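Listed below, chain by chain, are the residues.
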Amino acid sequence: MSVSAVFSVRYRRAAAPLLFLAVCACAILGLASAASPAAGAPAPGTRDLDGRLAAVLTRAGFTGRTESTLEARLGRPIDAKRADLGRLLFFDKILGLHDDNSCAGCHAPAFGFGDSQRMAIGVQNNGVVGPNRRGPRNQRRSPLVANTIFYPALMWTPRFVALSGDPFDGSLGFKFPPPENIITGVPTLLASQGSLPSTELVEMAGFNGIAANPGPFGPRHFQFDDGLGQALPAPDGTGFHNFPIQAAVNARLNANATYLAQFGEVFNGGVPLPAGGITIDMRRLAIAEFQTSLKAANAPLDRYARGETGALTTGQKRGALLFFGSAGCVSCHAVGGGSNAMFSDFKPHRIGGPQVAPVFGAGTGDTIFDGPGENEDFGFEQTEGDPALRYMFRTAPLRNLKVAPGFFHNGAFGTLEAAIAHHLDVERSLRRYDPAANNLPADLIPGPFKGILQAGIDPLLQKPIRLTDDQFRDLVEFVRDGLFDARVLDFCDRVPDSVPSGMSLQLFEGCR
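Residues numbered from 1 in each chain as written. Predicted model: local features only at pLDDT ≥ 70, side-chain atom pairs only at ≥ 80, totals over all residues. Heavy atoms only, no water.

Novice: Hey, could you go over the sheet that holds strand S3 (residues 160-162) for me, with residue numbers and the actual values?
Specialist: One open sheet accounts for four strands, arranged S2-S3-S4-S5; its pairing is antiparallel. The strands lining the two open edges of the sheet, one partner per strand, are strand S2 (153-154) and strand S5 (182-183). Direction of pairing for S3 relative to strand S4 (residues 174-175): antiparallel, over a ladder of two bridges. By the bridge assignment, Val161 is partnered in S4 with Lys175. (Pairing = 2+ DSSP bridges. Helix = DSSP H or I, 4+ residues; strand = E, 2+ residues; numbered from the N terminus.)

Novice: I'd like a rundown of helix H1 (residues 46-60), residues and numbers included.
Specialist: Its 15 residues give H1 an end-to-end C-alpha distance of 21 Å, which sits within 8% of 21 Å, the value for a rise of 1.5 Å per residue. Of all the positions in H1, only Leu49, Asp50, Leu53, Val56, Leu57 and Ala60 are classed as buried. One side of H1 holds all its buried residues, which, seen down the axis, span an arc of 135°. Of the exposed residues in H1, those oriented more than 90 degrees away from the buried face are Arg47, Thr58 and Arg59. Those residues of H1 that are buried are in contact with helix H10 (300-305) and helix H11 (314-324). Positive phi appears at Gly61, one or two residues downstream of H1, with a value of about 80°. (Expected span 1.5 Å × (residues − 1). Buried < 20%, exposed > 50% of the residue type's maximum accessible area, 1.4 Å probe, protein only. Arc of directions from axis to C-beta. Contact = heavy atoms within 4.5 Å.)

Novice: With reference to specific residues and values, describe the state of the cysteines.
Specialist: Under the counting rule described, the total for this entry stands at one disulfide. Covalent S-S linkage joins Cys492 and Cys511, the inter-sulfur distance amounting to 1.9 Å. The sign of the -70° torsion about the S-S bond sets the Cys492-Cys511 disulfide as left-handed. With a gap of 19 residues between them, Cys492 in the loop between helix H16 (469-482) and strand S10 (507-508) and Cys511 in the segment after S10 connect regions that are remote in the sequence. Judged by its relative accessible area of 23%, Cys511 falls in the partly exposed class. (Disulfide = S-S within 2.5 Å.)

Novice: Give a detailed account of the environment of Thr199, specifying residues and quantitative values.
Specialist: Inspection of the secondary structure assignment puts Thr199 in the loop between helix H5 (189-193) and helix H6 (201-205). A relative accessible area of 4% means that Thr199 is categorised as buried. Considered as a pair, Thr199 and Leu97 are 102 residues apart in the sequence and their alpha carbons are 8.9 Å apart. With sequence-adjacent residues up to four places away left out, Thr199 is seen in contact with Ala205, Asn242, Ile245 and Gln246.

Novice: Could you give an account of the side chain of Ser198, with specific residues and numbers?
Specialist: The topology assignment puts Ser198 in the loop between H5 and H6. Every residue in contact with Ser198, bar those within four places of it in the chain, is listed here: Leu95, Met204, Ala205, Ile245, Gln246, Val249 and Arg283.

Novice: Account for the confidence of the model for the protein chain, with residues named and values stated.
Specialist: Considering every residue of the protein chain, the mean pLDDT works out to 91; 91% of them sit at 70 or more. Counting interchain partners and residues more than four positions distant, the pLDDT-below-50 stretch residues 1-44 has 147 contacts. (pLDDT = per-residue confidence, 0-100.)

Next comes the structure, spelled out in C-alpha cells:
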C-alpha cells in the first residue's frame, strides 16, 4: 500500500471515547520507514509477527509483570481496612472546606477515576460528576488514579517527585513546590500527595472569606467568595493557606465520632481515637491505600508478554511493533527502569499542544492563565521559574485512557486520531486547530500558538511524518485497546452508599 498523509482522517469523530497518545515527538518517529510490504509481497505470518514482537518487548524490558510486584515493593499486602477508610475519605466532601467537592468529584469512578471533563471543574460545581458537570474551570485535566502508586513523578508538570527516583522509597523525602517543599515520614510518593487537594482553593477549599485572608491571591479572586462552606483560615508564616487548611480539615475529622472510631480501627488497634487523634499522616496513608488498591495494569499487552499470544489482535500486534520498534514511541512513553511499565518517562517535553482556556471570572474560570491575553499555560515554568521549561508538560502515561473524554493536559483534542495527527505535523496542527472538529466545550476558547513555535518544538517532532492508513489504524488500536485493563469498567463498585460526615454524595453519572 502506498504511503499517504492521512490528514483526511485526522479529525474524524470516534464512535466511543478514544485514547491519548501524547507528550512526545518520538511517538510517531520512524513510521515512514515502517511502510506496508510492497505489492505482491506476502504478509508476515502470525508466528513471525509474534517472534518479532517478543524480541522488541525483551529489548524494551517489558515483562507484563509490574502489577505482580506491588506487594513486594510495598513490603506488605494491601491493608483492606485502611483502603476502605481511604475510600470513604475519597468520596467525602468533609475534606474540602467549601463542602461541595470530594476527591471523586474530579476523579470520577465511571471515567477510570480520571476527569469526566475536558478541563477540571472543582468548587462551585453543580453536584454532578460526569458529562453534565457544570461550574468554573480550573486549569488542566485531572489524571487517572489507577496505577499511580507506580509513578515516580505526579501532575501534568512533574513537580511532585520522589527524590530517590523510586516512588516506593521515601528515604530522601518527596519534593513538592512551596510551601510543602520536602515531605518526609510517609513511605510512598502517592501517600505524600494524598492530603494536598484539600489545600487547593479551586479544587476543594473554596474562596469563602478570601478578602480577609487573601494569602497569595489578589483582589481579582474576591469575586469567587460565595459565602458558602467554612471560611478560609489566615495564611501562616509561609504566606500560604496550605498548613492552616490542613489543620482545619483535621479539626473537621476530629469532631466526627464515626471517623474517630474508624481511624482508631485502622491506626489504634481498634480503639477509637480521642478528639485530636486524627493526623494528616493518617489521612495521607488511608487515601493512598485506597488509590493503591485501584490496580489496572493487566492489559492485553501484559498478558501477551507473559505468554498469552492470543491476548492481542493481529492489528494490535502490528501497532505494538511500531510503538516499540521503528516508531520509537517507547523512548518517551517508556516501560523500562524507573518508568515501572507505565508508558511514560515522567519527564517534561514541549510537544506543542494547542492552548485552550476559559474566560476568567465568576462561573467561568477561577484560575488566571499565563501570557498577555491570560489564555496560555506556561506549563513546568510555573513552578520551576525557568523560561526554558515554558509550555513543557510531563509525558502522559498511556494505560487505561480508553475511558477518558479528552486528551492532552487541557483536553484540547477529542479523539486519539486527532492527537496522533498532531504528532505527525505539529506546526500544521497548531495553525489549523479546529475546536469544533474536536468537540471542544463552548466555554473553552483556543489561545495563541506562536509562542510555542518560538520556544521550539521537541526536535523529534519538528519534521512532519507520513504513514499509511493501515499503520495509523494499527497504532490507534494498540494504544486504545492493547493497553486497556477492563477492570477499570468496574470502578463504579467503589462508590459508597454514604459517608461518615453525613454529607450527601455527588451524583456519579455512569454509575447510578
